[in-house]
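Commentary on secondary and tertiary structure
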Amino acid sequence: MLANPSSLHTRPYSPHSSHFSLSNNRCKLSLSPNCPRLINSTNSSKFRSLSLLLSRRKCTRTFTVKALSTEPESADAAPTFSEPVSVKIPFGDRDILVETGYMGRQASGSVTVTDGETIVYTSVCLVDVPTAGRTSGGFFKREGRTKDHEVLVCRLIDRPLRPTMLKGFYHETQILSWVLSYDGLHSPDALAITTAGIAVALSEVPHSKTIAGVRVGLVGDKFVVNPTTKEMEDSELDLLLAGSDNAILMIEGYCNFLSEEKLLQAVQVGQDAVLAICHAVEALVKKCGKPKMLDSVKLPPPELYKHVEEIAGEELVQVLQIRNKIPRRKALSSLEEKVLTILTEKGYVSKDETLGTAEIIPDLFEDEDEDDEVVVDGEVDEGDVHIRPIPWKPTPLLFSEVDVKIVFKEVTSKFLRRRIVEGGKRSDGRYADGIRPINSRCGLLPRAHGSALFTRGETQSLAVVTLGDKQMAQRIDNLVDDDDVKRFYLQYSFPPSCVGEVGRIGAPSRREIGHGTLAERALEPILPSDDDFPYTVRVESTITESNGSSSMASVCGGCLALQDAGVPLKCSIAGIAMGLVLDTEEFGGDGTPLILSDITGSEDASGDMDFKVAGNEDGITAFQMDIKVGGITLPVMRKALQQAKDGRRHILAEMLKCSPPPSNRLSTYAPLIHIMKVHPEKINLIIGSGGKKVKGIIEETGVEAIDTEDDGTVKITARDLSSLEKCKAIISNLTMVPTVGDIIGISFVGYLSHFPPNISPIKQRKFNSKACIHHYPAKEMFYNHALGIPPNNGNCEIKSIAPYGVFVEIAPGREGLCHISELSSNWLAKAEEVVKVGDRVDVKLIEVNDKGQLRLSRKALLPETDDGAAEEKIEQPKDKVGTPKFESSPRSNSQEGTLLPQKKVKVFKRVASPAKEGPYINKERTKKSGSKAVSSISSKDRSSLVDGEAKIG
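For the structure given in this document, a descriptive report is provided here. Bear in mind that the values here come from a model prediction, so they are computed numbers and not experimental data.

**Topic: helix α5 (residues 302-319)**
- With 18 residues, α5 extends 24 Å from end C-alpha to end C-alpha; this agrees with the ideal 26 Å at 1.5 Å per step.
- For α5, the full list of buried residues reads Leu304, His307, Val308, Ile311, Ala312, Gly313, Leu316 and Val319.
- Close packing links the buried residues of α5 with α6 (325-346) and α8 (401-423).

Next up, the structure:
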């Protein structure tokens, strides 16, 4: 069966596999291409099967058998189609419109379902002649590659339908679904499950039950059936459920640590909705459904089961006791080969026939002794013929290879289930609730950002975490998803080597995509927010060994690898796969379903359920259940969930024993990401025209990337701290918001290696710790004085000179105009009289106009003479090494201390403040004293003023 526009994905039979690969619904069989199944054979044969098959060793080519019509059809005969039918059926709190007979009338079954303005069309077709389930040749199975979301929806359609298909139906069946219209409000995935169930019910395909699918959300404390996409934004649960009118066949969902009891309540709500849909669909089927092809169901002969048990029963019991997977698989394969040889080539003679009384068969012959007798008078007795009794030889029985493979698999499953129920132990010696031995280790890959090897029994996952920036995020192009990127994704790989086989490695299979999504959604709730951890996180889970529960091993290994990468997880989670033996009474039990914890591959194949649950001790984050029988009830689910909770608790305790443990810190090889917030209007200053500016910053600083968002968020990704700090400084200067009155001087960012003797080591470390992170113009101005930098030798470069003034770069990319009248206290004819291009000066911001243009003044910072006529050049006395000298004197009670040269001069009051903290306003002006003398400060007070705020007046 195929629930996808692509070709059927069935695994071909391998002679080295432990059992014959057969689809759950029995409508698709996986065989070698040279083993066709022939249903009708005109040649005489000794095969006792209802369906005949050429010998697997003698057949060399493929045959096709087609039934021919006995009566020719008239060329003028018009095709007849059933009348179109439209009905409304309940779909949660609303109705959906179901239409059939309008589109796809040549298909076996076709239906169009409308929910709001979302329309899904599904068709069901099957071939006329039974086949062995071959896939079409070639690498590509459709016109284009199927997106992951489409693959996941196809799995949702396929999984509940398979258990309802009758065994022995070998007509290849294809189900195709199209989303013809989507309104963005009503999701098409649950609708597609229901549409496919209706189409199969209306078609000729024989099936046991009608199925339907619904979505259940939890908005507040209320369960909502088939919620809209808007309602799902506030939902704590995303549950997809499919089932029939009396049982659950498939559930899959994700939640935020939901309790087991809440999940059971959601399942009950979904099951009630499915029941109402199934009843409405059955009424529609009675009205316009097609007759089912029940006569096409071909089951193996009943006596074959007895023969297989007679041949392999005793050996099968011994083989199933082998604990290791590979030796057990080889022994089963050898035993299967033996059974096939006997039943398909040599022929089988029942033990009852060979041990029974020999039947006398009349044998006609003439008595040889009478030939020597003398005939008297020429008389001959023509009727004198004697009968010799001889024993009867039973004729060996031959069966088709297909039937033998099917029966051998079913007998093997029967013996395995009997061993579990009667003996109380599984193949590896565990009890029903036992967990396989667990071993884990972290940090085994030194260059990876995070790595973990998680081993549980014979299942092993190598999880590797890679951290990156926004450029590494996975882009999404789906019908329903609004987000264009995923910042967290898990990729699951299942190479053939993990099961000791040889196979081709290509694009991810449907199974790999499904298992990876399940593990990804299980880990997603424990990840930090983007604001707390601005990394894109990629987890690669490679299955290096597999014997069941590999997707849940990916959850455990992925959790450990994330911790090893330093991702601040909210908690640890684990996953476990549960199995089921439903009918225990058949094997001597009391009839109570037997729940199996941590199932192996053989228990998954032979069991009745595969129930995967991930979470912690408090709740569930992800779950997926597939049923291989008619369905299970809520009491069975309740028991399975409780047993799974106990299993998760045990696994989490074992994960704490990881040796070596996770590092819980960022790797030295991981990129550094820093987040800055700037004014949204300043983003264009960072980007520049055509991205020229941001590219220049990246090239100049050596950072990896700079990401900007419309809300003013800037993310810098770098490989080392020095390039990151350099980039931060440039962006800070570009986006700073200057305030009128700010003095813009030395723009110092970095570490100071030389300090004056008056600055203590504690103050030096304090300054260096701040200097790399923030920009403090006022404090830096005083450092300049302390280091002997003349006030006229600033760090604002003159970029160009115009007749009316000069343009001064106050920060990288930010320029302001200093008018010629603001360059000097004297009248200037040309600006070149005092400055030239390339000179560095300190300026004061005196105006910001409506366009954001800056007006600067150099004159406002120049010392003022007593007459105000001439500009006085300040010369500071220096010591032998060129460091300015400072003298100490008692500080006046009316003034704050400041750093002054030996020569006392009158200076302007300077108001300086960090751009980040806003303008500094001196509200307490110092009153003029009667004496004009300005006191100096002592050496003791100098250092405290350098690190703190200062006022000069």
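**Considering helix α15 (residues 721-735)**
- Over its 15 residues, α15 extends 21 Å from the first C-alpha to the last, a length consistent with the 21 Å expected when each residue adds 1.5 Å.
- With 11 of its 15 residues buried, α15 lies for the most part within the structure.
- Taken together, the buried positions of α15 are occupied by Ser723, Leu724, Glu725, Cys727, Lys728, Ala729, Ile730, Ile731, Asn733, Leu734 and Thr735.

**Brief notes about a nonpolar patch on the surface**
- A grouping of Tyr102, Met103, Trp178 and Leu180 is seen on the molecular surface, where their side chains present a nonpolar patch of about 410 Å² in accessible area.
- For Trp178, the position within the fold is in strand β6 (residues 173-181).
- For Trp178, a relative accessible area of 35% translates into the label partly exposed.

**Comments concerning the pattern of salt bridges**
- Within this structure, the stated rule accounts for 37 salt bridges.
- The partner of Arg94 in a salt bridge is Asp115, and the shortest N-O contact between them spans 2.8 Å. Of this pair, Arg94 sits in strand β3 (residues 94-100) while Asp115 sits in strand β4 (residues 109-115), and the two are 21 residues apart along the sequence. The burial state of Arg94 is the same as that of Asp115; both residues are buried.

**With respect to a negative patch on the surface**
- Residues Asp583, Glu585, Glu586 and Asp590 make up a contiguous surface patch of negative charge.
- Note that Asp590 resides in the loop between β22 (574-581) and β23 (594-597).

**Details of the pairing of strand β9 (residues 235-243)**
- Among the nine residues in β9, eight count as buried, and that is most of the element.
- Pairing geometry for strand β7 (residues 212-219) and β9, over seven bridges, is antiparallel. Along β9, the bridge assignment pairs Val219 with Ser235.
- Two elements, β9 and strand β10 (residues 248-258), share seven bridges in a ladder whose sense is antiparallel. Within the sheet, the bridge partner assigned to Leu237 lies in β10 and is Cys255.
- Here β9 hands over to β10 after four residues, the two strands then running antiparallel side by side.

**As for the sheet that holds strand β17 (residues 459-468)**
- A sheet is described by the order of its strands in space; here five strands give the open sequence β15-β16-β17-β21-β20, paired in mixed fashion. Lying at the two open borders of the sheet, with one neighbouring strand each, are β15 (438-442) and β20 (488-493). Each strand axis lies, on average, 15° off the axis of its neighbour in the sheet, ignoring direction.
- On the sheet, helix α12 (residues 634-655) packs against β15 and β16 (450-456) and is oriented at approximately 45° with respect to β15.

**Some remarks on the packing of α6 against α8**
- It is the contact of α6 with α8, at a shortest axis distance of 10 Å, that shows an interaxial angle of 140°. One way to sum up the angle between α6 and α8 is to call them oblique. In this structure, the crossing between α6 and α8 has a hand that is right-handed. The segment α6 lies against α8, with Leu332, Leu335, Glu336, Val339, Leu340, Leu343 and Thr344 engaging Glu401, Val404, Lys405, Phe408 and Thr412.
- Its residues assigned to classes, the contact of α6 with α8 shows seven nonpolar, two polar and three charged.

**Thoughts on unusual backbone geometry**
- The step from Ser659 to Pro660 runs through a cis peptide bond, and the omega angle for that step is -5°.
- With respect to the element layout, Pro660 can be found in the loop between α12 and β26 (672-677).

**Some points on the nonpolar core**
- Membership of the largest hydrophobic core comes to 121 residues, with the highest contact counts inside it found for Phe611 and Met637.
- What Met637 contacts, discounting residues up to four positions off in sequence, is Ile248, Ile251, Leu264, Val267, Phe611, Met625 and Ile632.
- Of all hydrophobic cores here, the second largest spans 28 residues; its members include Tyr348, Val404, Val407 and Phe408.

**Looking at the sheet that holds strand β33 (residues 840-841)**
- One open sheet accounts for seven strands, arranged β29-β34-β35-β32-β31-β30-β33; its pairing is mixed. The open sheet has two edge strands with one neighbour each: β29 (743-744) and β33.
- Examined bridge by bridge, β29 and strand β34 (residues 843-848) share two bridges and lie antiparallel to one another. In the strand pairing of β34, Ile744 is matched with Val843.

The rules behind the values
Residues numbered from 1 in each chain as written. Predicted model: local features only at pLDDT ≥ 70, side-chain atom pairs only at ≥ 80, totals over all residues. Heavy atoms only, no water. Helix = DSSP H or I, 4+ residues; strand = E, 2+ residues; numbered from the N terminus. Expected span 1.5 Å × (residues − 1). Buried < 20%, exposed > 50% of the residue type's maximum accessible area, 1.4 Å probe, protein only. Contact = heavy atoms within 4.5 Å. Patch = residues over 30% accessible without salt bridge, like charges linked within 9 Å, V, L, I, M, F, W, Y side chains within 5 Å. Areas by Shrake-Rupley, 256 points an atom, 1.4 Å probe, with all protein chains shown as cover. Salt bridge = Lys/Arg side-chain N within 4 Å of Asp/Glu carboxyl O. Lys, Arg positive; Asp, Glu negative; His and termini not counted. Charge placed at Lys NZ, Arg CZ, Asp CG, Glu CD. Pairing = 2+ DSSP bridges. Axes fitted to C-alpha atoms, helices over the stretch in contact; angles between N-to-C directions. Parallel < 35°, antiparallel > 145°, perpendicular 65-115°, else oblique. Left-handed = near helix turned anticlockwise from the far one by under 90°. Nonpolar A, V, L, I, M, F, W, Y, C, P; charged D, E, K, R; others polar. Core = buried A, V, L, I, M, F, W, Y, C linked by side-chain atoms within 4.5 Å.

Read these as spatial facts, not as claims about activity.
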